[in-house]
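Here's the letter readout for the chains.
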Amino acid sequence: EVQLVESGGGLVQPGGSLRLSCAASGFTVSSYAMSWVRQAPGKGLEWVSGINSGGGSTNYADSVKGRFTISRDNANNTLYLQMNSLKPEDTAVYYCAKYPGAKVTGPGNYDYWGQGTQVTVSS
């Protein structure tokens, strides 16, 4: 059974950092493309970042480029999102999502989601 369990969210001041984790089971994270997506209060889903399988080329939404870094730990079968220089507009529920294939193919093409972790950026 495929499961994705996010953790690491919380309350942080503007300019601070958090690292989100997504523990995967039932499949091997290195074999599939993965993404982080978020949903701010009252807004729709926003794709944040993605990583392809294998060599793991990465890409980012313009809103987070240069501040967020997606990575994975193959030994622990875990996906990460390092978030630096956080802004109030980064406040959202963050989800990790799995694609059915090896490449990030765009928002919405996921086959599994986690339950999400809340990130609140506020002073």
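Look above for the structure.
Here is what the cut-offs are and how they apply
- Residues numbered from 1 in each chain as written.
- Predicted model: local features only at pLDDT ≥ 70, side-chain atom pairs only at ≥ 80, totals over all residues.
- Heavy atoms only, no water.
- Helix = DSSP H or I, 4+ residues; strand = E, 2+ residues; numbered from the N terminus.
- Rg over C-alpha atoms; globule rule 2.2 N^0.38 Å.
- Buried < 20%, exposed > 50% of the residue type's maximum accessible area, 1.4 Å probe, protein only.
- Contact = heavy atoms within 4.5 Å.
- Areas by Shrake-Rupley, 256 points an atom, 1.4 Å probe, with all protein chains shown as cover.
- Polar contact = N/O pair within 3.5 Å; in protein donor to acceptor, adjacent residues only side chain to side chain.
- Pairing = 2+ DSSP bridges.
- Phe/Tyr/Trp six-rings, centres within 6.5 Å; stacked < 30°, edge-to-face > 60°.
- Axes fitted to C-alpha atoms, helices over the stretch in contact; angles between N-to-C directions.

Q: Describe in detail the overall build of the protein, supporting the description with residues and values.
A: Within the protein, the regular secondary structure consists of 0 helices and 11 strands. When its helices and strands are written in sequence order, the protein yields β-β-β-β-β-β-β-β-β-β-β. Over its C-alpha trace the protein gives a radius of gyration of 13 Å, about what one expects of a compact globule, namely 14 Å for 123 residues. Seen through its principal axes, the protein has C-alpha atoms that stretch 40 × 25 × 25 Å. Across the 123 residues that make up the protein, the buried fraction comes to 47%. Within the protein, residue pairs in contact and separated by at least 24 positions form 57% of the contacts whose partners lie at least 6 positions apart. Taken as a whole, the protein presents about 5800 Å² of accessible surface, with 47% of it coming from carbon and sulfur.

Q: Describe the side chain of threonine 117, listing the residues and the values that go with them.
A: By the element assignment, threonine 117 lies in strand 11 (residues 117–121). At 3.1 Å, the side chain of threonine 117 forms a polar contact with the backbone nitrogen of glycine 9. Setting aside chain neighbours within four positions, we find threonine 117 in contact with Glu6, Ser7, Gly8, Gly9, Leu20, Ala92, Val93 and Tyr94.

Q: Could you give an account of the pairing of strand 1 (residues 3–7), naming the residues involved and the relevant values?
A: Every other side chain in a regular strand lies on the same face of the sheet, so the side chains alternate between the two faces. The alternating pattern of strand 1 places Leu4 and Glu6 on a buried face and Gln3, Val5 and Ser7 on a face that is not buried. Summarising the sheet, strand 1 and strand 3 (residues 18–25) pair through 5 bridges and their orientation is antiparallel. Bridged to valine 5 within strand 3 is alanine 23.

Q: Kindly report on the packing of aromatic side chains, identifying the contributing residues and their values.
A: Evaluation of the coordinates by the stated rule reveals 4 aromatic pairs. With a centroid separation of 5.7 Å and 85 degrees between ring planes, the pair formed by tyrosine 95 and tryptophan 113 is classed as edge-to-face. Of this pair, tyrosine 95 sits in strand 9 (residues 92–98) while tryptophan 113 sits in strand 10 (residues 112–113), placing them 18 residues apart in sequence. Residue tryptophan 113 is classed as partly exposed on the basis of its relative accessible area of 37%. Here tyrosine 99 and tyrosine 110 contribute two aromatic rings whose centre-to-centre distance is 5.0 Å and whose plane-to-plane angle is 65 degrees, an arrangement assigned as edge-to-face.

Q: So, the sheet that holds strand 8 (residues 78–83): which residues are in play, and what are the values?
A: Strand order in the open sheet formed by 4 strands is 1-3-8-7, with antiparallel pairing between adjacent strands. The open sheet is flanked by strand 1 and strand 7 (68–73), the only strands paired with a single partner. The average angle at which neighbouring strand axes cross in this sheet is 15 degrees, direction not considered. Strand direction decides the pairing type here: strand 3 and strand 8, joined by 6 bridges, are antiparallel. From the neighbouring strand, cysteine 22 faces strand 8, where its bridge partner is leucine 79.

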